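Structure at a glance
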Protein chains: 2
Amino acid sequence: MATPTLDFWFEFASTYSYPAAMRIAPLAEAAGVAVRWRPFMLGPIFKAQGWTTSPFNLYPVKGRNMWRDLERICGALDLPFVKPKPFPQNTLLAARVALVGLAEVWGQDFCRAIYRAEFGEGRKIDEADAIVDVLRNIGVDAGAVLDRAQSNEIKSQLRAYTEEAQRLDIFGSPTFITADGELFWGNDRLEAALDWARR
Amino acid sequence: MATPTLDFWFEFASTYSYPAAMRIAPLAEAAGVAVRWRPFMLGPIFKAQGWTTSPFNLYPVKGRNMWRDLERICGALDLPFVKPKPFPQNTLLAARVALVGLAEVWGQDFCRAIYRAEFGEGRKIDEADAIVDVLRNIGVDAGAVLDRAQSNEIKSQLRAYTEEAQRLDIFGSPTFITADGELFWGNDRLEAALDWARR
């Protein structure tokens, strides 16, 4: 039997994608599911719904609950949690660097390190300096990577992923999509998505 | 030690409140937690956020995913599922009747029967005829109950519950609130709420 696959669509500004990014690799390995990491930009998708910022900022009572809920979830997983300022951050450069890394061997480590810096330490991840720091921490030489991240090829790839996300009716992050097109939205649907992928 | 308590706030138009209403009694009993059922009206709360109908209607891609997700959840729980038309329905009378029942012995049965009629059979639950049917099915004489449901006392109680929900920062259904004020939103947070209640 072929190895079942699951696509993991994520945006670095998304809060609940932090625990999802931390959990998915060991859970998928235990389930025998191969995961494809798919960074995309949520901004254009939110804009199409009439939102100019995170819905957690647009609806403050919902936002307050989300931060508290995320804190509880991180506590239960023994993940560090610090609310970042500002929120949300511009994640364009981080997403482009992730694409560079996912075509090499350090992509998943970079994604987890970005999420941990942002939501585990409350750091800014929206500038080149911060990205360089994160790359250094995972032992990757930043110079060539940043050049490559700003190449037309990588820019086009991120645009293509974002357009594909829209075509797939993705409206939030994290989203998991199985090979037969079943869409699961949210960190709390990761287990169900893995079950579906291998059934 | 006193029995831990959990308040279960629910609106009959809420889709994910259907599996929550079906699951909460046995889970709470197993956890040794006493649950107080608190019907309220989500309409005024949505209106305060600028929504005139369900966000699942306002954001169609999110709505399509919700129906599919609910279908999967009901499938996993062996609960019948039929998408009701129209959605959402007017739940004012059902909520008032629930308050009558929750002060007697048949309240929880009535709540489960309304959810099952609405989302398990796709039936209308927004008119007196439908409510009478549901009451008959659980063996309750409808006449006196409907009169009582339209009394000023019950109308005031439902208004008071709805105002209390707003004061508690409730923004959706189902919502679970522990005795120490911890708020959990969503069917998928029921287990976490019960854990919190008894810790």
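In this report, we go over the structure that sits alongside the text. (Residues numbered from 1 in each chain as written. Chains lettered and ligands numbered in written order. Predicted model: local features only at pLDDT ≥ 70, side-chain atom pairs only at ≥ 80, totals over all residues. Heavy atoms only, no water.)

The next subject is the side chain of Ser14(A). All names here are of chain A. Looking at where Ser 14 falls in the secondary structure, it is placed in the loop between strand E1 (5-10) and helix H1 (17-31). Judged by its relative accessible area of 8%, Ser 14 is buried. Polar contacts involving the side chain of Ser 14 include one to the side chain of Ser 17, which spans 2.5 Å. What Ser 14 contacts, discounting residues up to four positions off in sequence, is Tyr 115, Phe 119, Ser 173 and Pro 174. (Helix = DSSP H or I, 4+ residues; strand = E, 2+ residues; numbered from the N terminus. Buried < 20%, exposed > 50% of the residue type's maximum accessible area, 1.4 Å probe, protein only. Polar contact = N/O pair within 3.5 Å; in protein donor to acceptor, adjacent residues only side chain to side chain. Contact = heavy atoms within 4.5 Å.)

Attention now moves to helix H4 (residues 60-77) of chain B. All names here are of chain B. With 18 residues, H4 ought to run about 26 Å at 1.5 Å a step, and its terminal C-alpha atoms sit 26 Å apart, in line with that. Among all positions in H4, only Lys 62, Gly 63, Asn 65, Met 66, Trp 67, Asp 69, Leu 70, Arg 72, Ile 73 and Cys 74 are buried. Asp 78 occupies a position one or two residues after H4 and carries a positive phi of about 60°. (Expected span 1.5 Å × (residues − 1).)

This part covers the relation of the copies chain B and chain A. To go from the first copy of the chain to the second, apply a rotation about an axis and then a shift along the same axis. You can overlay chain B on chain A at an RMSD of 0.0 Å; the transform is a turn of 180° with a shift of 0.0 Å along its axis. These values place the two chain copies in the arrangement generated by a two-fold rotation axis. For chain B, the minimum C-alpha distance to the rotation axis belongs to Asp188(B) and amounts to 3.7 Å. (Least-squares fit on C-alpha atoms with pLDDT ≥ 70 in both.)

Further remarks concern the nonpolar core. Among the nonpolar cores identified, the biggest contains 136 residues, and Phe12(A), Val97(A), Phe110(A), Phe12(B), Val97(B) and Phe110(B) are the most heavily contacted of them. In this structure Val97(A) touches Trp106(A), Phe110(A), Ile131(A), Leu135(A), Val145(A), Leu146(A) and Ala149(A), once residues within four positions along its chain are discounted. (Core = buried A, V, L, I, M, F, W, Y, C linked by side-chain atoms within 4.5 Å.)

Chain B puts 21 residues into the contact, and the matching count from chain A is 21 residues. When the two sides are added together, the surface that chain B and chain A hide from each other amounts to roughly 2,100 Å², 47% of it contributed by carbon and sulfur. In this assembly, chain B and chain A are joined by ten salt bridges. Where Arg189(A) meets Asp188(B), a salt bridge forms, and the shortest distance between an N and an O atom there is 2.7 Å. Across the chain B-chain A interface, the total number found is 14 residue pairs in polar contact (both at pLDDT 80 or more). Counting residues per element, the ones that place at least two in the side of chain B that touches chain A are H4 and strand E4 (183-185) of chain B. Of all the elements, H4(B) adds the most residues to the side of chain B that touches chain A, at eight residues. (Buried area = accessible area lost by both parts, 1.4 Å probe. Salt bridge = Lys/Arg side-chain N within 4 Å of Asp/Glu carboxyl O.)

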